[in-house]
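Secondary and tertiary structure notes
What follows is each chain in one-letter form.
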Amino acid sequence: MKSDANSIHLNGGAAALRAVADGGVRPKRQQSAAKPGITFTRFREIILSTAQRYLVKGLIPNMGLVVVWGPPKCGKSFWVFDLVCHIAADWEYRGRRVKQRDVVYFAFEGQEGFGARVEAFRKQHDVDDIPFYLSGNRVVLPQDGAAVLKAIEDEFPEVHPGVVVLDTLNRSIAGSENTPEDMTAYIRTADMIRDRFQCVVIVIHHCGVDGDRPRGHTSLTGAADAQISVKRDAAKNIVAKVEFMKDGPEGDEIISSLEAVTVGRDDTGDDITSCVVVTADSTAPASKGAVYGQAGIALRLLQDALASGGEISSHPAIPTGVRTIREEAWRADCYARMFSQDASQTSKQKAFVRAAKTLHERQLIGKHGDHVWLV
């Protein structure tokens, strides 16, 4: 039977076409070598696993990538630290079942305060030791991915971590979190850590300019097995919400507050303080003026600035006895504390204008000329 060009191309490619054209014999179809380790299970042989699927019921899966995100200073690192310490200690977490696993925590920012945070947790729970391992070394992914694996295996050969925390993404990524190639490389390194230790990798990340999603390229959200947002409510409680969970429930909220504690004294005799995470019964009722995202952060920064400074103006357009601050100073503080260093001046300006407008429309701040105050 005569072969047509299409069938020859499919079964041997250009070499087969040349052989037939030259009157020769069509070469045999080449067999590709099977990749070792790939196996298959028949449909009738697939069984339901009854193993526990969560490290923390409804919050943290056994394996995968979990993204915990929120605005600066919202308490997300404190919340994650408290959560994973409960996993390490095998303690029930807010009425949820916990599976004990060792924890490796990479603190890429705020390293100086971590000792106080650990001491505060020790005093709060009256515990000396748990299988929790902290690294404050600078790591850049993906370049240092293999070094991370080797360091864990070499320094603690008896440790098989069930949780690896990367705090934060911005301080550990090579390149830009907005570039798909750089973010994809970061995700692949997180997957490499997950696969090596059969663990869950928790990435702590900041929010975007509008405060409504994780910052940077959306490939991070697409790769996550669970995503948890963290923000402050009107009462300044920390509200952690499960935004999505593969094969699990969504919408659950964990409500906490930070309680300041003294953990010791420094060499000059001054108190060393930190915070512990405690349960809050409920969120404060949303008031007419409750705001979130960038507007909420800007409001807190204004409150802090007025509490530590400001001036009382005698201008008739400003309420008597009210402390005010120059809008220029407030704007500069927001630029410095609400955005990463690589954010453009234009994006900072637009975000600040939107936040200030929202606060003024909600009648939470007053403005006259360059003066701003709390209503």
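Each helix and strand in the protein was counted, giving nine helices and 15 strands. For the protein, the proportion of its 375 residues judged to be buried stands at 44%. Put simply, of all contacts in the protein between residues at least 6 apart along the chain, 66% involve residues at least 24 apart. For the protein, the exposed area adds up to about 20700 Å²; of that, 49% sits on carbon and sulfur atoms.

Time to look at the confidence of the model for the protein. On average, residues of the protein carry a pLDDT of 85, and 86% of them reach 70 or more. Per-residue pLDDT stays below 50 along residues 283-288; that stretch engages in nine contacts with residues further than four places along the chain or on separate chains.

With six of eight residues buried, strand β9 (residues 238-245) is to be regarded as a mostly interior element. Bridge analysis of strand β8 (residues 226-232) against β9 gives seven bridges, and the strand direction is antiparallel. Each residue of the ladder has a partner; that of arginine 232, found in β9, is isoleucine 238. Hairpin remark: β8 followed by β9, antiparallel, with five residues in the connecting loop; positive phi at lysine 236, about 65°. In this structure, β9 lies alongside strand β10 (residues 253-265), joined through four bridges in antiparallel fashion. Each residue of the ladder has a partner; that of lysine 241, found in β10, is glutamate 253.

Before going further, it helps to examine the nonpolar core. In this structure, Ile60, Trp79 and Tyr105 are the most contacted members of the largest nonpolar core, which totals 41 residues. In terms of residue count, helix α2 (residues 76-89) provides more of this core than any other element does, nine residues in total. Non-local contacts of tyrosine 105, meaning those with residues more than four positions away in its chain, are made with Ser77, Val80, Phe81, Val84, Phe114, Phe132, Tyr133, Leu134, Ser135, Val165, Asp167 and Ile204.

A few words now on helix α9 (residues 345-361). Since the α-helix packs 3.6 residues into each turn, any two residues three or four apart lie on the same face. Given a rise of 1.5 Å per residue, 17 residues ought to cover 24 Å, and the 24 Å separating the end C-alpha atoms of α9 matches this to within 8%. Along α9, the residues classified as buried are Lys348, Ala351, Phe352, Ala355, Ala356 and Leu359. Down the axis of α9, the smallest arc covering the buried residues is 130°, so these residues share one side. Pointing more than 90 degrees away from the buried face of α9 are the exposed residues Lys350, Lys357 and Glu361.

Over its 14 residues, α2 runs 20 Å from end to end, which matches the ideal 20 Å to within 8%, given 1.5 Å per residue. Of all the 14 residues making up α2, 14 are buried; the element is thus mostly covered by neighbouring parts of the structure. Within two residues after α2, aspartate 90 carries a phi angle of roughly 65°, on the positive side.

Attention now goes to the pattern of salt bridges. This structure, assessed with the given rule, holds twelve salt bridges. For aspartate 154, the salt bridge identified is with lysine 150, shortest N-O distance 2.4 Å. Of the two residues, aspartate 154 and lysine 150 both sit in helix α4 (residues 145-155), four residues apart, roughly one turn of that helix. Here aspartate 154 falls in the partly exposed class, since its relative accessible area comes to 47%. Through salt bridges with shared partners, one network takes in Glu119, Arg122 and Lys123.

Moving on, we come to the sheet that holds β9. Pairing is mixed across the open sheet formed by nine strands, whose spatial order is β5-β4-β6-β7-β3-β8-β9-β10-β11. In this open sheet, the two edge strands, each paired with only one partner strand, are β5 (132-135) and β11 (271-279). Here the average twist between neighbouring strands, direction ignored, is 20°. The pairing of strand β3 (residues 64-70) with strand β7 (residues 200-206) spans seven bridges and is classified as parallel. Its bridge partner lying in β7, leucine 65 is registered against valine 201. Lying over the sheet, helix α5 (residues 180-197) contacts β3, β6 (161-167) and β7, oriented at roughly 150° with respect to β7.

Closest axis-to-axis distance for the helix α7 (residues 293-308)/helix α8 (residues 327-338) pair is 10 Å, and the angle between their directions is 120°. Judged by the inter-axis angle, α7 sits oblique to α8. Pair α7 / α8 crosses with right-handed handedness. Residues Gln294, Ile297, Ala298, Leu301, Leu302 and Asp304 of α7 pack against Trp330, Asp333, Cys334, Arg337 and Met338 of α8. Here the residues of the contact of α7 with α8 are counted per class, giving seven nonpolar, one polar and three charged.

Between α8 and α9, whose axes approach to 10 Å, the crossing angle comes to 120°. Here α8 is positioned oblique relative to α9, judged by the angle of their axes. Handedness of the α8/α9 crossing: right-handed. Touching Glu327, Trp330, Arg331, Cys334 and Tyr335 of α8 are Gln345, Lys348, Gln349, Phe352, Ala356 and Leu359, all from α9. A class-by-class count of the residues in the contact of α8 with α9 yields six nonpolar, two polar and three charged.

Rules used in this analysis
- The residue numbers shown here count from 1 along each chain, following its written sequence.
- Restriction of local features to residues with pLDDT of at least 70 applies here, the model being predicted, together with a cutoff of 80 or more for giving and counting side-chain atom pairs; totals for whole chains, interfaces and linings are based on all residues.
- The basis for every side-chain value is the complete set of non-hydrogen atoms in the structure, without hydrogens or water.
- Labels follow the DSSP assignment, with helices taken as runs of H or I lasting at least four residues and strands as runs of E lasting at least two, numbered in each case from the N terminus.
- Burial classification: accessible surface area is computed with a 1.4 Å probe over protein chains only, and a residue below 20% of its type maximum counts as buried, one above 50% as exposed, and the rest as partly exposed.
- The contact definition used throughout considers only heavy atoms, calling two residues in contact when any of these lie within 4.5 Å.
- Surface accessibility follows the Shrake-Rupley procedure with a 1.4 Å probe radius. Residue values consider only the protein chains on display as shielding.
- One confidence number per residue, pLDDT, is output by the predictor and ranges from 0 to 100.
- Strand pairing is assigned whenever DSSP detects at least two bridges linking the two strands.
- Only buried residues count toward a nonpolar core, which is a set of Ala, Val, Leu, Ile, Met, Phe, Trp, Tyr and Cys residues joined through side-chain atoms within 4.5 Å.
- To estimate the expected span of a helix, subtract one from its residue number and multiply by 1.5 Å.
- Along the arc lie the directions from the helix axis toward the C-beta atoms.
- Basic side-chain nitrogens of Lys or Arg form a salt bridge, by our definition, when they fall within 4 Å of a carboxyl oxygen of Asp or Glu.
- Working convention: axes come from line fits to C-alpha atoms, limited for helices to the stretch in contact. Angles between N-to-C directions cover 0 to 180 degrees.
- Note that the term roughly parallel is reserved for angles under 35 degrees, roughly antiparallel for angles over 145, roughly perpendicular for angles of 65 to 115, and oblique for everything else.
- Take the far helix as your reference; a near helix turned counterclockwise from it by less than a right angle gives a left-handed crossing, and one turned clockwise gives a right-handed crossing.
- Residue polarity follows a fixed list, in which Ala, Val, Leu, Ile, Met, Phe, Trp, Tyr, Cys and Pro are nonpolar, Asp, Glu, Lys and Arg are charged, and the others, Gly among them, are polar.

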